[in-house]
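# Structural overview for review
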Amino acid sequence: MKTPRRNSLFFILSAAVFLLQLSLVPAIAKLQLRRPGPSQEDIDYIHTSCQNTLYPETCINSFQFYADAVQQDPRQLAFYAILKSLRKTKSLASYIISNVAGYEAQIQALYNAVNQIRDSFTQMEKLIEFDCGGESLGFQINKVQTWMSAALTNIDNVTCTHVFKDVEPLKSNVCDRVTTVKELTSNAVTLVNNYANMIYQLRNEL
């Protein structure tokens, strides 16, 4: 029978392998080539879109760099929001695994979130490429909404204030990273929903 210490070590090693596998997933596939630079209209679009999120400042700081790629397209904005959330969530999971012993429940919640955001990312790639595989556009975007909402729920279950108490500066580092991931994922959910609402509205007008 394995001891709790061995079980914990096995869990952490499995986690490391899991994150390594995720890092092999291509970040972006077949996106539009960037223009020389964003127009003022592109930048204004980012600012306007971000005002509808719960964390507009985080949103603006995250996507101003992508303004020329987004090109005032809500589909592209939702795509980059998911990509940003995926990168930061994977980074958070890797940081906790590397610096904190135990806390398997926290790591498991992040596993689930990373998988769900990765599935959303893959689905949005299909929407970017217009490769719906016989499924309706509405059904595709609904899957993205479902996965991103589930990911946000899992991330909300990652806490730092009581788990890492009396462990400084680790506690502050983990809390800052958790806050960033929660804000980015919350914003991604909003931007995905905004895109979905536009799709549903257009479909109802046909």
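What counts and how
Residues numbered from 1 in each chain as written. Predicted model: local features only at pLDDT ≥ 70, side-chain atom pairs only at ≥ 80, totals over all residues. Heavy atoms only, no water. Core = buried A, V, L, I, M, F, W, Y, C linked by side-chain atoms within 4.5 Å. Buried < 20%, exposed > 50% of the residue type's maximum accessible area, 1.4 Å probe, protein only. Helix = DSSP H or I, 4+ residues; strand = E, 2+ residues; numbered from the N terminus. Expected span 1.5 Å × (residues − 1). pLDDT = per-residue confidence, 0-100. Contact = heavy atoms within 4.5 Å.

As annotated in an unreviewed UniProt entry, the chain is Pectinesterase inhibitor 7-like from Nicotiana tabacum.

## Topic: the nonpolar core
Of all hydrophobic cores here, the largest spans 55 residues; its most connected members are Phe 63, Tyr 80, Ile 82, Met 124 and Ile 141. Among the elements of the structure, α2 (40-50), α3 (56-63), α4 (67-70), α5 (74-99), α6 (104-128), α7 (137-156) and α8 (170-205) are those that each provide at least two residues to this core. Among the elements that make up this core, the one with the highest residue count is α5 (13 residues).

## A short note on α7
At 3.6 residues per turn, the α-helix brings residues three or four places apart onto the same side. An ideal rise of 1.5 Å per residue puts 28 Å on 20 residues; α7 measures up with 29 Å between its terminal C-alpha atoms. Among all positions in α7, only Gly 138, Gln 140, Ile 141, Lys 143, Val 144, Gln 145, Met 148, Ala 151, Leu 152, Asn 154 and Ile 155 are buried.

## Concerning the confidence of the model for the chain
Here the chain averages 80 in pLDDT, while 73% of its residues score no lower than 70. Element-level pLDDT for the chain is lowest in helix α1 (residues 4-23), with a mean of 51, against a maximum mean of 95 in α3. Note that pLDDT drops below 50 for residues 20-34; the model gives that stretch 29 contacts with residues more than four away or on any other chain.

## Side note on unusual backbone geometry
Even without being a glycine, Gln 71 presents a positive backbone phi close to 50°. When you line up the elements, Gln 71 lands in the loop between α4 and α5. Classification of Gln 71 by relative accessible area gives partly exposed; the value is 27%. With a phi angle near 60°, Gln 72 is a residue other than glycine that sits in the positive phi range. Classification of Gln 72 as partly exposed rests on a relative accessible area of 39%.

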